[in-house]
Each structure stands twice: as C-alpha cells, then as structure tokens.
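# Structural features, examined
These are the residues of each chain, in order.
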Amino acid sequence: MTLPNDSLRILLLDEQAERFPVMEAALTAAGYQVVGKVTTADNIQAAVERARPDVIIADLDSPGRDTLESMQALNRKQPRPIVMFTNDGDRDTIQLAVQSGVTAYVVDGMAPDRIKPILEVAMLRFQEYQKLRDELELTRLQLNERKHIDKAKGLLMKRKGLDEAKAYALLRRMAMDRHMKLAELARSIVAAAELLE
Amino acid sequence: MNQSDTINLGYLPLLDAAPLLLAQELGYFTDAGLKVSLSREASWANIRDKLCAGTLQGAQLLIPMLMSVNLGLNRVHAPLRSSFVLNQNGNTIIVSKALRDAMKILNPEALASPHTSVLTLKRLLQQRRERGEAAFTFAVVYPFSCHNYLLRYWLAAGGIHPDHDVNLVVIPPSQMVAQLNHGRIDGFCAGEPWGQLAASMGSGHSLLSTYEVWHNAPEKVLAVHGDWADAHAEQYRRLLTVLLRTCRWLAETTNREEALLLLAQPHCLGTEPAFLHWGWLAGKHNFHQHGANHPWPAHMAWIVSQMVRWGHLPDAKGAVELIDAIFSDRLFRTICVQEGLALPPDNAPTQVGYHAAPWQYGDASLGADRFIDGIRFDSSAITEYLRQFAISNLPGE
C-alpha cells in the first residue's frame, strides 16, 4: 500500500514482547512505520516523547495504559495520547476493543477515520495470535491430562494387579460415580499417591 | 442460575480489594444467593472500559474516577454510580533511600513529621534548581486518584507546586519498586502493600501515610454501571448488603489473621501475609469503623474541589450537582436499617476537616477528618475555599 499511510508512525505497547515481530510485520506490510515497541517495564513516557508516534496500539491488558492516559490528563508536555473512542456513548468501539484485547491511542487529535484501518490490522493480528496461543495452551493441557491419566492408570495396575484396559475402565467408572472429569480424578489419584509415598 | 445472573466484578490486586475478595472467600456472596465472578484487572483504564462495555457489572474503583468517568474527563464516558465506600485511607508516600538520606543530611529532623519532611523537600528542590539539577520525579497510580490529589495537597502545603517544582508521572503500582531502583522516580504514592514491598526490598523509605494528609479519606468505592443497577435493583441491594457484612467482619481485630491468610492466597493478592499485615498498619486502612462505608457527599465535593484546583475541571458547579445522582447514600441507608446499624441524621454534613478526633453525629460515630494544614472545607462554598490556597492552577494564578 502507498502514500497516505507512509507518514503514520506507530508505537506498540504490549506485555507479550514475543508478539512484537508479528505486529510489526503486519503493520509494515500495510504500509505503516513502527517507531517503537515498549512494555510496561520500560519508561513509557520517555518512549512516547522520543518516538513521537501518531498512533499507539496497546494491549488492552497492559498496565502501562494508565501511564499513557495520564499523559493526556496531566502532562502539559507534548505529545498527548488520547484514547481512541472519543465520542460519548461510543460503546460499540469499546466493546470491540474489550473483545479483541487491543486498543489504540491517537496523539494530538488525529482524525479517527485515519486510524480505523490500523486498528483493523492490529485487531486481526491480535486475535490470530491469541488463537494460536489458546491452541498451544490447549495442547499443553491435553498433554498434561494424558500424563496424569497414564500415571493414575499405572498406579491402579500396580496396586490392584489390573491390566491396562481394566485399570482404565475402573478409572472411568470412578470418575462417573463422582461426577468428575477423568483428568481431574487422575490428578487427585496421583496427588494422593505422592502424598502417601 | 444462568450465565446472565452472574455478576462480574473487577478489582486491582491491592489490600483495599479485601471486601470483595473476602466476601467471595468466606462464601458470603453465595450465602446471599448471588453468583459473583471476580476478575483481576491490569489497569484502571481496563476497569473503566469493561464497565463501559458491560463486560463488568461492577468494580472496585478509585473514588475520583467515579466522577471523572461520569464527566468523560478521559474521553470515555459511562454512567457509573456508587453507594458504598470499600475503605478509607490505605496509601503511603514512599521516597527512595537516596532522597531520604539527602533530606536527613540537610535537616536531621527531616523525617520527624510530614510537615518537616515536606519543608525539607522544598529546600532540597531549591538547592537542586540553583545547581541546575533536575527536579525530583514522583509517581502516582492514576491521574484521577486520591493518590494524586493527596500527594499534591501535601506538596502544596509545603510550598511546592506539583506541576512546576517536581515532575509528576503515572506508573502502575506493580512497576513502582523497579522504577525506584532504576532511579527513574524519586518517590511515589500508591496503595498498600506496594509501599511496604519497596521498603522491605531496601529501595524505598515509607515517609508518611496519606492519613496524615487527610484523616480518613475515602479511597475505593464499589462502582456499578447505572443500567445494570436499574435493571437489577434486588441483586444490587444484596450485593451491597454482603459487602457491608464483610466490612463488619473485617473490622473485628480477631478476624485479622484469617483475613490476611485468605488474602495472601495466589488467586487473591498472592503476597506474603506479613507484607499485607505491614501494609494494613502503614496504610491505616479502615474498612468499616466510624462510618467508613457511608458515601458522604461532602467528601466527593472535596475531590471535585481538588480537580478544579489543579485544572482538571474548569469549575465545580456541574460536578457537584452530579453528586446526588452518582454517589447517593439512599440505598446505603436502606441497608443500614435492614442490618440494624446506627444511622447519622438525614442531612449529611457539608463540612470536612473540622475534627482531629472521632466525633458523634446524631446516633453515629464518625472518624477524624482533619487536613494536614488544618484548613477547613465547606461544600457550599468551594470557590471561597479554593481562594485560600497560594498554590494552584486556578486561572489568574
């Protein structure tokens, strides 16, 4: 993409620093310039003053948002980031931000329609990234569950002299009787066994 | 009970979230037939956005934010309201070890009182200016907060202009210790247990509690979205009833140890009970006694006066007129009657700062409410009140 975007400078505020390359690549591909990347542990105010961004894309869950907002409310020095949803009662935009986990600040009253496409890119990337993370987390959990179930099965086989199929059937029946998830029951069996060792 | 009956309440991990966390831990919400889900949030901006979006029905909120969000001062507007103060006090002012040492060298008595410390600070600032050195930087947690207004009040009482003579910045509480260590800030005002964490790690010195600046300042409120409150009047009443009962439980010193152990759990505050204990003492947290939970309109009017004093609001009139709608004590009174608690007379006092010790107002015992400089406030004469201050951002200053 071309000219209108070239001049727009973007600063990223994100607690998940591993997301920076993804965001930077997407925004650069869309023709924007990423002029800074900060987390809450950095000196945010100094970074904003140094990088002089037009727009700040912020992870909704970054504690550093309170610092950004204070620059608008308190600091007389330039620049002054202003939270994007500027119209009273613009609840839809806020709902969208809350759902997507990303929000934007414009610096010194840039026209809101200029940042809409940036936000769209950012929201899309955030959601994709989140989905990937969620999937990874799920896989990790499932692996953990499998490990616990296998361990519990092994314990039952040893203690009760059962074969694998019978031990698994017993585990399933116990879980059903107790209205517990299989993995949950397996975890408590493993924990109890560790305790009694 | 279906999903829509769940009340989502947001909080920041601070000692003054105790009424919410303990109501959940002690099972008081469940006992009252309420399904409450507590959500730990990362920033005040987040809490505001989620209240506005309806993802949260209620939240622990900085009392000045109740006003700033209703007025849309940070560009996001939501009709929030509160009829319950979660606690009074709770904040401390911390300075770096280096600043403390510099103060002591200049004046061995510097740390003796909040008066001597601020006067010494002023002399230090003068010295630095004469030498062409940078002014000190102090951090607060949010622009519209008692931390900000009480730190400003203390500085100004000592002759220091908070916008001209020092740098004020906003930093999330979780970053205060690190930034103090890095030398990016020279001091901060935050809710406990952050001050005690800084002190225990050897990076900060606990200079004073904001109690010294204004005795028993209201600190956090339980704010709800007006739409939710209107549509769920019965749930809202029960919610406040539970919080009042929890605050009474918290006020019993015999429950202190259990409270600290519950709060220390990883899913609550995740901080050592010892820090919470020190934080409680240093912050002089008051969760119930002396009418602490009562939404006093004059307290909110004083906060409005400070917003005007520092140029955060052009004038007090509109904001003061809003107080009855957003910070009314009507529901609170109903609940006190229902719980058999003593109630002060109907006409709430307009004056603040007249009492250096607890005092009796009708049937109710109220707390001391003195300001550090002894100046008294009357919500019916805010303009005249503000004229007394040599240091402010009022037009014409």
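Worth saying up front: this structure is predicted, and the values here are computed from it rather than measured.

## Section: the interface of chain A and chain B
It is common to report an interface's size as the accessible area lost on association of the parts. The partner chain B presents 29 residues to the 28 residues of chain A that form the contact. At the level of elements, helix 4 (65–73), strand 4 (81–83) and helix 5 (91–100) of chain A are the ones that each hand at least two residues to the side of chain A that touches chain B. Sort the elements by how many residues they give to the side of chain A that touches chain B and helix 4 of chain A lands first, with seven residues. The class makeup of the residues in the side of chain A that touches chain B is 11 nonpolar, 11 polar and six charged.

## Description of the sheet that holds strand 2 (residues 36–40) of chain B
Residues and elements named next belong to chain B. Taken together, five strands build an open sheet; the order of strands is 2-1-3-10-4 and the sheet is mixed. The strands lining the two open edges of the sheet, one partner per strand, are strand 2 and strand 4 (80–88). Adjacent strand axes in the sheet meet at a mean angle of 30 degrees, parallel and antiparallel pairs treated alike. Looking at chain direction, strand 1 (residues 7–11) and strand 3 (residues 58–62) are connected through two bridges and run parallel. Pairing of Gly10 across the sheet is with Ala59, part of strand 3.

## Observations concerning the environment of His148 of chain A
Residues and elements named next belong to chain A. In this structure, His148 sits in helix 6 (residues 112–160). By C-beta crowding, His148 is classed as buried, having 20 other C-beta atoms within 10 Å. Placed 42 residues apart in sequence, His148 and Val190 show a C-alpha to C-alpha distance of 7.0 Å. Filtering out sequence-adjacent residues up to four positions away, His148 remains in contact with Ala183, Ala186, Arg187 and Val190.

## Description of the confidence of the model for chain B
Interpretation of the predicted coordinates at a detailed level should be avoided for regions scoring low in pLDDT. Taken as a whole, chain B shows an average pLDDT of 95; of its residues, 99% reach a score of 70 or greater. Both scores are given for the predicted complex: the pTM is 0.87, the ipTM 0.89.

## Some points on the packing of helix 5 of chain A against helix 3 (residues 44–53) of chain B
Two numbers describe how helix 5 of chain A lies on helix 3 of chain B: the axes approach to 9 Å, and their chain directions differ by 120 degrees. With respect to helix 3 of chain B, the axis of helix 5 of chain A lies oblique. Viewed along their axes, helix 5 of chain A and helix 3 of chain B form a crossing whose handedness is left-handed. From helix 5 of chain A, Arg91, Ile94, Gln95, Ala97 and Val98 of chain A reach across to helix 3 of chain B, where they touch Asp49, Lys50, Cys52 and Ala53 of chain B. For the contact of helix 5 of chain A with helix 3 of chain B, the class distribution of residues is five nonpolar, one polar and three charged.

## A closer look at the domain arrangement of chain B
Residues and elements named next belong to chain B. When its domains are assigned, chain B resolves into domain 1 (3–89 + 217–352) and domain 2 (91–212). Centre-to-centre separation of domain 1 and domain 2, based on C-alpha positions: 27 Å. At the interface, 26 residues of domain 1 touch 21 residues of domain 2. Counting only elements with at least two residues in the side of domain 1 that touches domain 2, the list comes to helix 4 (63–71), helix 13 (273–283) and helix 14 (297–309). Of all the elements, helix 13 adds the most residues to the side of domain 1 that touches domain 2, at seven residues. Considered class by class, the residues forming the side of domain 1 that touches domain 2 number 16 nonpolar, seven polar and three charged.

Thresholds applied
- Residues numbered from 1 in each chain as written.
- Chains lettered and ligands numbered in written order.
- Predicted model: local features only at pLDDT ≥ 70, side-chain atom pairs only at ≥ 80, totals over all residues.
- Contact = placed C-beta atoms within 7 Å.
- Helix = DSSP H or I, 4+ residues; strand = E, 2+ residues; numbered from the N terminus.
- Nonpolar A, V, L, I, M, F, W, Y, C, P; charged D, E, K, R; others polar.
- Pairing = 2+ DSSP bridges.
- Axes fitted to C-alpha atoms, helices over the stretch in contact; angles between N-to-C directions.
- Buried ≥ 20, exposed ≤ 12 C-beta atoms within 10 Å, placed from the backbone.
- pLDDT = per-residue confidence, 0-100.
- Parallel < 35°, antiparallel > 145°, perpendicular 65-115°, else oblique.
- Left-handed = near helix turned anticlockwise from the far one by under 90°.
- Domains from an automatic or database assignment.

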